[in-house]
Each structure stands twice: as C-alpha cells, then as structure tokens.
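Inside the fold
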Amino acid sequence: MSKTDKSKAAYVPAEGQKAAIIAAGHLPSAGGGSGETIKLEVLGDIKTAFLEASFYDSQRKGANRAPETRMGRDIVRWAKVGDEIVIGNIGSKLFAAKADATVDTAVFGRLLAAETDPRKVIAKAMKVSGKPKRRQRTVDDFVRNPWVVAGALQRSEGKCELPTCKHQLFVREDGTNYLEVHHVLPLGEGGDDSLSNAAAICPSCHREQHFGENRQQLRQTLATAVAASTAALVTA
Ligand SMILES: [Zn+2]
Ligand SMILES: [Zn+2]
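Let us look at the structure shown here. (Residues numbered from 1 in each chain as written. Chains lettered and ligands numbered in written order. Predicted model: local features only at pLDDT ≥ 70, side-chain atom pairs only at ≥ 80, totals over all residues. Heavy atoms only, no water.)

**Considering the overall build of the chain**
To keep things clear, this is the line we draw: A run of H or I in DSSP counts as a helix once it spans at least four residues, and a run of E counts as a strand once it spans at least two, with each numbered from the N terminus. Burial status follows relative accessibility: with a 1.4 Å probe on protein chains alone, a residue under 20% of its type maximum counts as buried, one over 50% as exposed, and anything between as partly exposed. For this analysis, residues touch if any pair of their heavy atoms sits within 4.5 Å. Every accessible area reported is derived by Shrake-Rupley at a probe size of 1.4 Å, with residue values counting cover from the shown protein chains alone. In this tally, Lys and Arg are treated as positive and Asp and Glu as negative; His is ignored, and so are the chain termini. Throughout, a charge is located at the NZ atom of Lys, the CZ atom of Arg, the CG atom of Asp or the CD atom of Glu.
Scanning the chain from N- to C-terminus turns up eight helices and seven strands. Here the C-alpha coordinates of the chain stretch approximately 75 × 50 × 35 Å along the principal axes. Counting across all 236 residues of the chain, residues that qualify as buried make up 36%. Nonlocal contacts in the chain, meaning residues at least 24 apart in sequence, comprise 56% of its contacts between residues at least 6 apart. Accessible surface, the chain as shown: approximately 15,300 Å² in total, 54% of it carbon and sulfur. Taken together, the 33 basic and 27 acidic charged side chains of the chain have centroids lying 5 Å from each other.

Now the structure itself:
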C-alpha cells in the first residue's frame, strides 16, 4: 500500500492479484468505486476476518490511457502505508494477507478443504507423515492485567456473559466452569484493558465474537450486558 494509494483511497492490485480476483469469478466493475463489493477472507490477522472491497476500472484523464484497475473500501482502511498485500484465490474463495503475517495453518487448511476436490484433499493428507518441523518466532502482543481477567471471571459468576448464549459449558479439573476473558472492543482495535471492556464468555461465544457473521451485532449485545453488570458491581 503506497502513500498515493492511501491518499486516493484506492489500492492498485498487481497483475497477479487482479488475475486471482478474476479467476475467482469477479470482473472489475465499470461503475467506479461505489459499485458492488467482493469479499476477501483475511488470513493471519486476528483483528480482521473479512474485507468488503470494491473492484473497479477507473478511467484516467488523458487520451489513450488505459483504465486502471483499483480496489477500495475496507482494503484501504485495513492496510497501512508500507504494508505489502498478498491476494490470492482458491477456487471462488478470495483471501488477503499482509506479507509479514503468520498464516494460521488451521485457517489455511479450512480454505483448502472448502475449495479443493474432496478426493484430492484426502489423497494429499494421507501422503503426509512423521513429526512436524519446529520453528521459533517472536511474538508481539499486549501485556494484559491479571486483575481484569480475575474481575471478569468473578463478575460472570461462572456463566457466559453473553446474555443470548445457549451453549453448554464444560467444567475444568478444579470444578469451575471454563470461560475465556475477551476484550469487547479488542485491544488491537484500540480497546482498553479494563473491567468494563472485558467479558468472561464461553469458548463458542468467544470464537463467534471474533469470526461469526453477526459479530458486529454480537459485540453490541455483549457491550450492553457488560456495561450493565459492571454498573451493578459499582452500586452493590
Ligand atoms: Zn477475544
Ligand atoms: Zn457463550
């Protein structure tokens, strides 16, 4: 993503990226950046699961200049200046990653499973054997305050804090219900590490907060519930 791309709010995909989008079944729209959008699954970024991007040909000023294919909307907001973007397709499914992202094998595997001939998947999987290689990597993450985790767990009274939760909880070896403490507005999106932004929720609800199709709505529901139960603690 170049400075110019960012200021024009338009990413210019490389030829190979354009080819991948076309191979996935989309042609650049002639209607400019406000036309229909394409969906790209984001790999290796826990903050962003999908991008809705426009994909269009932009007529440039000057005679005999070929139109330039551009992408807009989420992709421009997601990428920072200097980010190298990777775009590819497996069948009709499009994905995007930043070149320095560590793509989770589980995510990549799910994509392969969805878009490859099932017999080929099994044949490929059966050929793999032995112990995996090891690797070392450095991790850049947030230092979370343990009191926030403890406070959210205590406030939850052992129940998933998402009021609409219908999942059966399982019990840890120590007899407590298994809950995970999630940040309602994720730290990576600028959220605070505070009791009022933390929620103890079950693993299913937790994954859904991050990856569910209704995650924006679910986030609102959780935010409202947490605000109410935190206020109740203060007045108690
Ligand atoms: Zn979370
Ligand atoms: Zn739940």
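**Thoughts on the pairing of strand β6 (residues 180-183)**
How we decide: DSSP bridges decide pairing: two strands pair if at least two such bridges lie between them.
The side-chain alternation of β6 yields two buried faces, one formed by Glu 180 and His 182 and the other by Val 181 and His 183. One ladder, built from four bridges, connects β6 with strand β7 (residues 198-201); its direction is antiparallel. Bridged to His 182 within β7 is Ala 199.

**Focus: the pattern of salt bridges**
Note the cut-off: The salt bridge definition used is simple: a Lys or Arg side-chain nitrogen within 4 Å of an Asp or Glu carboxyl oxygen.
Scanning all chains against the criterion turns up six salt bridges. A salt bridge links Glu 68 to Arg 70; the shortest N-O distance between them is 2.8 Å. Salt bridges linked by common partners bring Arg 60, Glu 68 and Arg 70 together as one network.

**Observations regarding the packing of helix α7 (residues 203-211) against helix α8 (residues 215-235)**
The condition is simple: Axis geometry follows a simple rule: fit a line to the C-alpha atoms, using only the stretch in contact for helices, then measure angles between N-to-C directions, giving values from 0 to 180 degrees. In this scheme, roughly parallel covers angles under 35 degrees and roughly antiparallel covers those over 145, while 65 to 115 is roughly perpendicular and the rest are oblique. For any helix crossing, the convention is left-handed if the near helix is rotated counterclockwise from the far helix by under a right angle, and right-handed if that rotation is clockwise. Residue classes follow a fixed rule: Ala, Val, Leu, Ile, Met, Phe, Trp, Tyr, Cys and Pro count as nonpolar, while Asp, Glu, Lys and Arg count as charged, and any other residue, Gly among them, counts as polar.
Two numbers describe how α7 lies on α8: the axes approach to 7 Å, and their chain directions differ by 125°. The orientation of α7 with respect to α8, classified from their angle, is oblique. For the element pair α7 and α8, the recorded crossing hand is left-handed. Residues Glu 208, Gln 209, His 210 and Phe 211 of α7 form the contact with α8, whose own contacting residues are Arg 215, Leu 218, Arg 219 and Leu 222. Across the contact of α7 with α8, the residue classes tally to three nonpolar, two polar and three charged.

In short, geometric facts, not functional conclusions.
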